[in-house]
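Notes for the structure review
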Amino acid sequence: MIQCVKGTKDLLPDSISAWQFVENVFKTVSSRYGYEEMRTPIFEKTEVFSRSIGEATDIVNKEMYTFEDRGGDSITLRPEMTAALVRSVIQHSLMNSSPTQRLWYFGPFFRYERPQKGRLRQFHQFGAECLGSPNPESDAEIILLASDIIRSAGIGEIKLLINSLGNTAVRAAYREELVGFLRSKQNELTEESRNRMDINPLRALDSKAPQDIAALENAPVITDFLDSESRDHFDAVKGLIRNCGAEIVVQPRLVRGLDYYSHTVFEFQSSALGAQDSLGGGGRYNTLFTQLGGKETPAVGFALGVERLLLILENLGRSFGKSVSTDIFVAYASTAEFDEAFNLCNQLRQKGHSVTIDLLRRSLKSQFKEANRIGARYTLVIGEEEMKNRTVQVKNMTRSEQSERSMETILDFEFD
Ligand code: AMP
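What counts, and where the lines are drawn
Residues numbered from 1 in each chain as written. Predicted model: local features only at pLDDT ≥ 70, side-chain atom pairs only at ≥ 80, totals over all residues. Heavy atoms only, no water. Helix = DSSP H or I, 4+ residues; strand = E, 2+ residues; numbered from the N terminus. Rg over C-alpha atoms; globule rule 2.2 N^0.38 Å. Buried < 20%, exposed > 50% of the residue type's maximum accessible area, 1.4 Å probe, protein only. Contact = heavy atoms within 4.5 Å. Areas by Shrake-Rupley, 256 points an atom, 1.4 Å probe, with all protein chains shown as cover. Expected span 1.5 Å × (residues − 1). 1 Å grid on protein atoms, 1.4 Å probe; cavity = no way out; pocket = protein on both sides within 12 Å on 5 of 7 lines; lining within 4 Å. Points joined across faces, edges and corners; volume = space filled by probe spheres on them. Near = heavy atom within 4 Å. Polar contact = N/O pair within 3.5 Å; in protein donor to acceptor, adjacent residues only side chain to side chain. Axes fitted to C-alpha atoms, helices over the stretch in contact; angles between N-to-C directions. Parallel < 35°, antiparallel > 145°, perpendicular 65-115°, else oblique. Left-handed = near helix turned anticlockwise from the far one by under 90°. Nonpolar A, V, L, I, M, F, W, Y, C, P; charged D, E, K, R; others polar. Salt bridge = Lys/Arg side-chain N within 4 Å of Asp/Glu carboxyl O. Pairing = 2+ DSSP bridges.

With that settled, the discussion passes to the overall build of the protein chain. Helix and strand counts for the protein chain stand at 16 helices and 16 strands. For a compact globule of 416 residues, the expected C-alpha radius of gyration is about 22 Å, and the protein chain comes in at 28 Å, more than 25% above that figure. Seen through its C-alpha atoms, the protein chain measures out along the principal axes to roughly 95 × 45 × 45 Å. Counting across all 416 residues of the protein chain, residues that qualify as buried make up 51%. Counting contacts in the protein chain only where the partners sit at least 6 residues apart, residues at least 24 apart contribute 69% of the total. Summing over all exposed atoms, the protein chain offers an accessible surface of approximately 21,100 Å²; the carbon and sulfur share of this is 48%.

This is the structure:
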């Protein structure tokens, strides 16, 4: 038996209604905020990601599905959306049509990670990007949109952590200080954090290893380095969010893994997720457009992990029922009535009902069993008598009532 690739998952019909439910939340809540959907290809030229996410990040270094195609081009299955979306916005000059763009997306992403609960190699993200404004109100809007999506999906208990990475000068000064601190602690750090020290020192703060956490207890925090511009921006974002009644926790060690962030970064965490407790997050990225060859365009965005969102809903005991509910099952007494039954089935479908018919030409008894199994609300039966009289038996399955109708009037019958 051929199995699906490690770290990928088949979504079978009984799990689809949960997906359709959250997809509907993404769409309806995003439109309430004026965000429009955008879709880009699953694969991109490798440079889209290597130029933006950062050569020293785990994603680019260890996790990308990169291959050479038959024409010799280096191609990568997208590990995240922001860079791909920015590439597309630049390519199609979208910013020319309006100085701000509000966009959302949903789809599969690919990272070669060690699979475990809540961590896959093909996973899905929903996300949104607000492009064009350097002002704190766009950071606040994006954070409120993300919170609203989570709440509208039925998740009340979620921790929202927020931090500021300041502008480029702030990060440069902080980085120098942090590297000095990490050097003084290098014997206490894990090998991984030691290796990161010079290339991506901020990442050491993300480490979940108890050894690193202990060694970094007194590490300098970036919030102490913010200049007045960065501090004002951060204060305004926090103020706008709190004004709207949302709770936030300032976490000065939150840095997030990607190189392109500046100013606001944030993350949603849920204890229901266990070790992989991050549901999603995002931040401001003011230099990504220029890194990808576009005009300077300030922007802010976030991504939520859809499998993790569903894991939380599962933990909360949410159930979603079947994705299709059948109104009518059309049964036939023998193959002599099949053509008539098949035709009736088709006409009812044209009228907008959800209708099924047995495709195996089984006995009437088996057909009734099937009608019960799929939870049809009505079963219509055509037998020899009915064929002769041009009628059909109408069984209301919930009320166990039966009546007779003519073939003509059944099409306008109210199947309530
Ligand atoms: P990131 O793009 O790394 O900021 O990830 C945003 C969110 O996507 C995370 O918080 C997770 O919920 C989800 N995510 C990232 N990587 C994976 C993965 N390998 N498997 C499942 N979900 C993931």
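Next comes the rest of the description.
Now for helix 1 (residues 13-32). At 3.6 residues per turn, the α-helix brings residues three or four places apart onto the same side. For helix 1, built from 20 residues, the straight-helix expectation of 28 Å at 1.5 Å per residue is met to within 8% by its first-to-last C-alpha distance of 29 Å. Turning to helix 1, its buried residues number three or more, namely S17, A18, W19, V22, V25, F26, V29 and S30. One or two residues past the end of helix 1 sits G34, with phi positive at roughly 80°.

The gaps left among the atoms become clear once a water-sized probe is rolled over them. A volume near 430 Å³ is recorded for the second largest pocket. The wall of the second largest pocket is formed by 21 residues, among which K9, S15, W19, L310 and E314 lie closest to the centre. Of all the elements in the fold, those that place two or more residues in the lining of the second largest pocket are helix 1 and helix 12 (306-315).

Let us look at the site of the ligand. Lining the immediate surroundings of the ligand are 14 residues, of which R111, E113, L120, R256 and S278 lie closest. Interatomic distance of 2.8 Å between a side-chain N/O atom of R111 and an oxygen atom of the ligand. Considered on its own, the ligand offers 480 Å² of accessible surface; in the complex 90% of this is hidden by protein. The set of elements that each furnish at least two residues to the shell around the ligand consists of strand 6 (122-131), strand 10 (278-284) and strand 11 (299-305). Element by element, the count of residues in the shell around the ligand is highest for strand 10, at 3 residues.

This part takes up the packing of helix 1 against helix 12. Relative to each other, helix 1 and helix 12 sit at 115°, their axes nearing to 11 Å. It follows from the interaxial angle that helix 1 and helix 12 lie roughly perpendicular. When you trace helix 1 past helix 12, the crossing you get is right-handed. Here helix 1 contributes A18, W19, F21, V22 and F26 to the contact with helix 12, which in turn contributes V306, E307, L309, L310 and L313. Tallied by class, residues from the contact of helix 1 with helix 12 come to 9 nonpolar, no polar and 1 charged.

Next up on the list: unusual backbone geometry. We note that S93 has phi near 45°; this positive angle belongs to a residue other than glycine. Relative to the elements of secondary structure, S93 occurs in the loop between helix 4 (82-91) and helix 5 (94-97). On the basis of relative accessible area, S93 is assigned to the partly exposed category, the value being 37%. One non-glycine residue, R361, lies in the positive phi region at around 55°. Examined against the element boundaries, R361 turns out to sit in the loop between strand 13 (355-357) and helix 14 (364-373). Exposure remark for R361: the relative accessible area of 53% places this residue in the exposed category.

Further remarks concern the pattern of salt bridges. Taken as a whole, this structure holds 21 salt bridges when the rule is applied. D235 is the salt-bridge partner of K238, the closest N and O atoms lying 3.4 Å from each other. Linking K238 with D235, this pair stays in helix 10 (residues 228-243), spanning 3 residues, or about one helical turn. Residue K238 is classed as buried on the basis of its relative accessible area of 14%. We note a salt bridge from R377 to D327, for which the minimum N-O separation is 3.1 Å. One end of the pair, R377, is in the loop between helix 14 and strand 14 (378-382); the other, D327, is in the loop between helix 12 and strand 12 (328-332), with 50 residues separating them in the sequence.

Right, let's talk about the environment of E137 for a bit. Along the chain, the position of E137 falls in helix 6 (residues 136-152). Owing to a relative accessible area of 45%, E137 belongs among the partly exposed residues under this scheme. Between the alpha carbons of E137 and H233 there is a distance of 9.5 Å; along the sequence they are 96 residues apart.

Burial within strand 15 (residues 391-396) is extensive, with 5 of its 6 residues counted as buried. Note that strand 14 and strand 15 share 4 bridges and pair antiparallel. When the bridges of strand 15 are listed, Y378 appears paired with N396. Taken together, the 6 bridges between strand 15 and strand 16 (residues 401-406) define a ladder with antiparallel strand orientation. The residue bridging V394 from the neighbouring strand is S403, located in strand 16. Where strand 15 folds back on strand 16, the antiparallel hairpin that results is connected by 4 residues, among which S400 adopts a positive phi of roughly 50°.

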